[in-house]
Amino acid sequence: MIKVVKFGGSSLADSTQFKKVLEIIKADKDRKYVIPSAPGKRSDDDTKVTDMLIELYELAAKGKPLDKHIEKIKARYDEIIIGLGLKDFSLDNEFKEIKAELEYNPTYDFAASRGEYLNGLIMAEYLGYEFVDPKDVIFFNEEHGLNSYKTEKRVRERLQDVDHAVIPGFFGSDKEGQIMTFSRGGSDITGSIIAGAIKADVYENWTDVSGFLAADPRVVENPVGIDMITYRELRELSYMGASVLHEDAIFPVRSAGIPINIRNTNKPDDKGTWIVESTGHKPEYVITGIAGKKGFCAVSITKALMNSEIGFGRKVLQAFEENEISFEHMPSGIDTMTVVVHADEFIPKEQNVVSAIHRLTDPDSVEIETDLALIAVVGRAMRSMRGTAGRIFAALSHASVNVRMIDQGSSELNIIIGVENADFEKAIKAIYDIFVTTRL
């Protein structure tokens, strides 16, 4: 069996955490390929190393002195090196190279990527594993997307005769060989790419929580954990704000049917959450999880007999496309179509969009509602359970929450509810209570 193991920033924040990681890796001989993140926060008032490196780039871009800030970053790594007893190991040369590069040609991606790169060098030395530089195996195309074919081919070739390796997360290179990064949290994606390319049996993602929870613990006190969740359920919850795993990390392993296991570095005996393609495992609750976001607008277009006008929906969406605004949901009736968008994207361009809608569709009216929050109730068991939507409405009515929109996907895997921003937390608590706490 082959396991790819990724460790998050909190798992590698200092030498004490590194020692925990060593014990985890050595406890299972199948953990062969390690993807480290940059050092994260050691406490709530601490700063992530990646943020320190971005600040370093900003100083370099302004032509300001770098030495003082570099020393602060280097001190973070020196603590790890000294704490691990790596007496003959130093990153002095690497920091000289980083300084020289940023003074000569400061780029955001290069600076941001160095946190994982340096941590990867330490991890490889500490474990006695081979170091593999992601810029040599992970490639981006001109659109900043992953060049999947080239990447998978190169990863397989590079690791073919390597039994154990450390491959830093978060970055690769473009076609000119320049460093390019994923979005923040992208080390999750690197681990998924490596696992998918070598057809690993399991992708373990180690972080500071014991898997996914059924609701945000900042909203619901002590929510239950999720033992098993499908890729599709996870995609819905991640998109609506659940942030344990980067939402794009699903795709490289999904096509290969590789399960992901979310584990807790500080509680390694916890089983965590398994993310799988499909399962016959019967969930304990009707819903798998609840997630949501605030800050949406609903743009409602009314026109008599719009259902008989060919191309009406396309014309409406064209108005948003012309203004470079993506839509989230589009519930509709016979004479009404509603487009739900992010308020921060829409509000600055609202009159341009309204004018475009009138020009393209000649509607009877266009109305805009703001202060909208969306809540996703997700669960594979909902398809076989009657009255799920009714129970949601009953719970929200009992909590005096007004439902402003509801949209159920054709897969019956999720139901999206729109409520006022002010009712967001109250609505989540009410839904959680009826499906989990009381199970009425």
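Cut-offs and rules
Residues numbered from 1 in each chain as written. Predicted model: local features only at pLDDT ≥ 70, side-chain atom pairs only at ≥ 80, totals over all residues. Heavy atoms only, no water. Pairing = 2+ DSSP bridges. Helix = DSSP H or I, 4+ residues; strand = E, 2+ residues; numbered from the N terminus. Buried < 20%, exposed > 50% of the residue type's maximum accessible area, 1.4 Å probe, protein only. Contact = heavy atoms within 4.5 Å. 1 Å grid on protein atoms, 1.4 Å probe; cavity = no way out; pocket = protein on both sides within 12 Å on 5 of 7 lines; lining within 4 Å. Points joined across faces, edges and corners; volume = space filled by probe spheres on them. Core = buried A, V, L, I, M, F, W, Y, C linked by side-chain atoms within 4.5 Å. Salt bridge = Lys/Arg side-chain N within 4 Å of Asp/Glu carboxyl O. Phe/Tyr/Trp six-rings, centres within 6.5 Å; stacked < 30°, edge-to-face > 60°. Lys NZ or Arg CZ within 6 Å of the ring centre and 35° of its normal.

Peer 1: Before we go on, may I ask you to explain the sheet that holds strand β9 (residues 260-264) in this structure?
Peer 2: Consider a sheet: its strands pair through backbone hydrogen bonds, and that pairing is either parallel or antiparallel. Taken together, 8 strands build an open sheet; the order of strands is β3-β4-β2-β1-β7-β9-β10-β8 and the sheet is mixed. The two strands at the open ends of the sheet, each matched to only one other strand, are β3 (130-131) and β8 (228-230). By the bridge criterion, 2 bridges tie strand β2 (residues 31-36) to strand β4 (residues 165-166) in an arrangement that is parallel. Directly across from tyrosine 33, in β4, lies its bridge partner alanine 165.

Peer 1: For this particular structure, what's the right way to read the side chain of serine 11?
Peer 2: Along the chain, the position of serine 11 falls in the loop between β1 (3-7) and α1 (15-26). Taking the relative accessible area as the measure of exposure, serine 11 reaches 1% and is therefore buried. With sequence-adjacent residues up to four places away left out, serine 11 is seen in contact with Gln17, Phe18, Val21, Trp206, Thr207 and Thr265.

Peer 1: Even after reading the chapter, I still don't get the layout of surface pockets, so can you show me in this structure?
Peer 2: A water-sized probe, rolled over the atoms, reveals where empty space remains. Here the largest pocket defines a volume of roughly 1,500 Å³. As for the largest pocket, its lining consists of 50 residues, of which Thr207, Asp208, Ser243, Val244 and Leu245 are closest to the centre. Within the residue set of the lining of the largest pocket, elements represented by two or more residues are α7 (187-197), β7 (202-207), α8 (231-239), β11 (289-302) and α14 (424-437). With 4 residues, β11 is the largest single contributor of residues to the lining of the largest pocket.

Peer 1: Sorry if this is basic, but what is going on with the nonpolar core here?
Peer 2: Buried together is how nonpolar side chains tend to be arranged in soluble globular proteins. Grouped together as the largest cluster of nonpolar side chains are 51 residues, with contacts concentrated most on Val4, Leu159 and Ile275. Looking at this core, the elements with two or more residues in it are β2, α6 (148-159), α7, α8, β9, β11 and β14 (365-378). Considering each element in turn, this core owes the most residues, 5 residues, to α7. Contact partners of isoleucine 275, with chain neighbours within four places excluded, come to Phe212, Ile229, Thr230, Tyr231, Leu234, Leu245, Pro259, Ile260 and Ile262. Grouped together as the second largest cluster of nonpolar side chains are 42 residues, Tyr77, Ile80, Leu84 and Met123 included.

Peer 1: Help me understand the pattern of salt bridges, please; the structure alone is not making it clear to me.
Peer 2: Side-chain pairs of opposite charge can arise whenever the charged atoms involved come near each other. Evaluated as defined, the whole model comprises 27 salt bridges. Residue aspartate 46 is joined to arginine 76 by a salt bridge in which the shortest nitrogen-to-oxygen separation is 3.6 Å. Of this pair, aspartate 46 sits in the loop between β2 and α2 (49-61) while arginine 76 sits in helix α3 (residues 67-83), and the two are 30 residues apart along the sequence. Pair check on accessibility: aspartate 46 and arginine 76 agree, each one buried. Note that glutamate 309 and lysine 303 form a salt bridge whose closest N and O atoms lie 2.9 Å from each other. Taken together, the salt bridges that share partners define one network made up of Lys3, Asp28, Arg31, Glu204 and Arg263.

Peer 1: What should I look at first to understand unusual backbone geometry in this one?
Peer 2: Both trends apply: most residues other than glycine have a negative phi, and most peptide bonds are in trans. Here the phi dihedral of histidine 144 falls at roughly 70°; this positive angle occurs in a residue that is not glycine. Structurally, histidine 144 is set in the loop between β3 and α6. Unusually for a residue other than glycine, asparagine 222 sits at a positive phi of about 50°. Note that asparagine 222 resides in the loop between β7 and β8.

Peer 1: How should the packing of aromatic side chains be read in this particular structure?
Peer 2: How two aromatic rings sit relative to each other is given by the distance of their centres and the angle of their planes. All chains considered together, the criterion is met by 7 aromatic pairs. Note on phenylalanine 7 and tryptophan 206: the rings are 6.0 Å apart at their centroids and 20° apart in plane angle, and the pair reads as stacked. You can see phenylalanine 7 sitting in strand β1 and its partner tryptophan 206 sitting in strand β7, a full 199 residues away along the chain. Grouping residues by exposure puts phenylalanine 7 and tryptophan 206 together as buried. Ring centres of tyrosine 57 and tyrosine 108 lie 5.9 Å apart, and the angle between their planes is 85°; this geometry places the pair in the edge-to-face category. With tyrosine 57 in helix α2 and tyrosine 108 in helix α5 (residues 108-127), this pair connects stretches of sequence that are 51 residues apart. For tyrosine 108, a relative accessible area of 33% puts it in the partly exposed group. In this structure, arginine 114 packs its charged tip against the face of phenylalanine 171, placed 5.2 Å from the ring centre.

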